[in-house]
Amino acid sequence: MNDRIARWPFWAMLRKEFIQMRRDRLTLGMMIGIPAIQLALFGFAIRTEVRHLPTLVLDEARTRESRELVASLVNSSYFDVVGEVRGRAEIETRIGRGDAAAAVVIPHDFTRDLKRGRGAEAQVIVDAADPLSSQSALQGASLAGLNYRPTTRARQALELRVRPWYNPMLDSSTYIVPGIIGVLLSMTMIIINAMSVVRERERGTLEQLIVTPVDRTSLMLGKIVPFLLVGYVQVSVILLLGRLLFHVPIRGSIPLLFLMAFPFVVASLGIGLFFSTLVRTQAQAMQAGFMFIMPNILLSGFMFPRAAMPEPAQWIGLALPLTYFLTVLRGILLKGVGFEALWPEFLAMWGFAILIVTLSVRRFHKTLE
Amino acid sequence: MSAPTAPAASAPPAIITEALHKRFGDLVAVDSLTLTIPKGEIFGLLGANGSGKTTTIRMLTGLMPPTSGSATVAGVDVVHDPESVRHRLGYMSQRYGLYDDLTAEENLRFYAGLYGLVGREGKARVEEQIAALDFTARRRQLAGTLSGGWKQRLSLACATSHRPDVLFLDEPTAGVDPAARRHFWEMIRELAHGGTTILVTTHYMDEAERCDRLAILWRGRLEAVGRPHEITAQLGAPTLEDAFIALQLRDQAAA
């Protein structure tokens, strides 16, 4: 009997939330508009691989082989030749001025050494003030070096093969877009949910709800369940756009991805609920949401590899559900791995979700103080 | 004005407070308030802004725990067990508690649902309320687009869908035109005739006159309590308004 009574307010809450969601353009916009904008922003604008570096060429050898080397560098798409120079001093001034970001120097004895099989040397000079570009240049240079097959028969002293798995084009959107699903999902879930509770407080409806027999759990679940749906719509929209615009591979199982997204969305909604118990206004809810998202973007491995971080930063990362969800997203989409590889992440996200939702329900007292 | 309803001798009082006290930091919002309100009475809490009316209602509805003292509503100790009394009390706040983005009907259905009125029973109750409140033409209108008087009516309906024993109204007619106010008081009177106990706060003197009994709160203290004419007699003033102003002057003289 008590159970029955306790269940009804939940259905009333659910119904109400769905009606409100349908009428709220902001929520609908957040569901579809924001993913589209963010995806375009992150996907097109944020590139960690730098291509087409303006490059100078100082070819002292002036042989067929040296021209082939330059061609091979250009073919790697990392370098665009913007000019030929006559001396090293000119390289220095032009890179210093910013006209060029790289230079290729092919010495006099390049072809001779090549023919003798002594391991010919050419030099790539890079403006390393921007480490991202310089890394790309280094990468491009080594790729070009590997692909360089001079027409003249020559024995190479060393052969090194780099094989970029999962992302052979080394395309950063392949890496970034699956991450965007996670970042956007947690951002919108946290903010939408915190704002929805705080709005009730601001408009005085929360006061009204408190005097009704609705229990805390119904109230909180009523705020979680409808937004789960929003979350799934978002995942689908981003996946679809990522596929159409960026050709992000989907190598693993989509149903598995949806299953794994469940605890992550619940955890994000739980964080939103938790924030709603800390803040008073919708503006504060929004700020709290963004403040939480910042360390998530930096520490979860969304933009920077966690392995490169100092240990304390890695520990903080382990406390963020996004860290686990990113592993899941990249695992399923890029590597096509299954549940047998991802169950630890699944459990970690569930643990976090249960913890934060319980904490929010406890913090949410049915009083106005 | 109809005669005050005489409380049945056998029925226990609907609201009892004893030395109810609420302090916010240094500010004493409600200062040892002791009141007994019999069943079926329309009881008015009269006072200026900041006199402790809203805080009193919030303590009685379990929205806020008192600093000390006790309060019983419909026989339940609301200080220690506010959840048990929720089914039996209704509350209409100053801000109406309506969802602007829900229609009138949806608001009614939502609140009825929270009180367990669902399915056929809930539908019947909502239809009954829509008819009683003359809401048929406006049932599909968003609550946010209703005028003040209609909002107030809808809010009252939402607060009473479960036919509560005790109804709390916090400045229900603020910002509503006189015709709507009169209509609203007719509905209140009808509820009281049906046995609902009503505690209403106001700072309109004409509304105070319509109450069976009144209490005047002044800076959280109970200054006078009784029927409207008893209060004027007690304070030696020709009208309630004069009595009210006399209190204010006395207070300023003391300060």
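Residues numbered from 1 in each chain as written. Chains lettered and ligands numbered in written order. Predicted model: local features only at pLDDT ≥ 70, side-chain atom pairs only at ≥ 80, totals over all residues.

Colleague: In this structure, what is going on with the overall build of chain B? I would like to understand it.
Modeller: Helix and strand content of chain B: eight helices and 10 strands. What you see for chain B is a C-alpha radius of gyration of 18 Å, in line with the 18 Å of a compact globule of 255 residues. Pairs at least 24 residues apart make up 66% of the contacts formed inside chain B by residues separated by at least 6 positions. (Helix = DSSP H or I, 4+ residues; strand = E, 2+ residues; numbered from the N terminus. Rg over C-alpha atoms; globule rule 2.2 N^0.38 Å. Contact = placed C-beta atoms within 7 Å.)

Colleague: Hey, could you run me through the overall build of chain A in this one?
Modeller: Per the secondary structure count, chain A includes 14 helices and four strands. Burial analysis of chain A (369 residues in total) assigns 40% to the buried set. In chain A, of all internal contacts separated by at least 6 residues, the share reaching a separation of at least 24 is 80%. (Buried ≥ 20, exposed ≤ 12 C-beta atoms within 10 Å, placed from the backbone.)

Colleague: What is the right way to look at the interface of chain B and chain A in this model?
Modeller: Interfaces are often sized by the amount of accessible area the parts lose when they come together. Contacts between the two partners involve 23 residues from chain B and, on the opposite side, 23 residues from chain A. Every element with two or more residues in the side of chain B that touches chain A is listed here: β6 (89-92) and α2 (104-114) of chain B. For the side of chain B that touches chain A, the class distribution of residues is 11 nonpolar, seven polar and five charged. (Nonpolar A, V, L, I, M, F, W, Y, C, P; charged D, E, K, R; others polar.)

Colleague: Help me out: how do you make sense of the sheet that holds β6 of chain B in this one?
Modeller: The pairing of strands in a sheet happens through backbone hydrogen bonds and is either parallel or antiparallel. All names here are of chain B. Strands sit in the order β6-β7-β8-β3-β9-β10 across an open sheet of six strands; the sheet is mixed. Every interior strand has two partners, whereas the edge strands, β6 and β10 (221-226), have only one. Between one strand axis and the next, the sheet turns through 15 degrees on average, direction left out of account. Of the strand pairs in this sheet, strand β9 (residues 213-218) and β10 are connected by five bridges, and their pairing is antiparallel. Residue pairing across strands places I216 opposite A224, the latter belonging to β10. Packing against the sheet, helix α5 (residues 178-193) makes contact with β3 (42-46), β7 (166-170) and β8 (197-202), and its axis sits at approximately 150 degrees to β8. (Pairing = 2+ DSSP bridges. Axes fitted to C-alpha atoms, helices over the stretch in contact; angles between N-to-C directions.)

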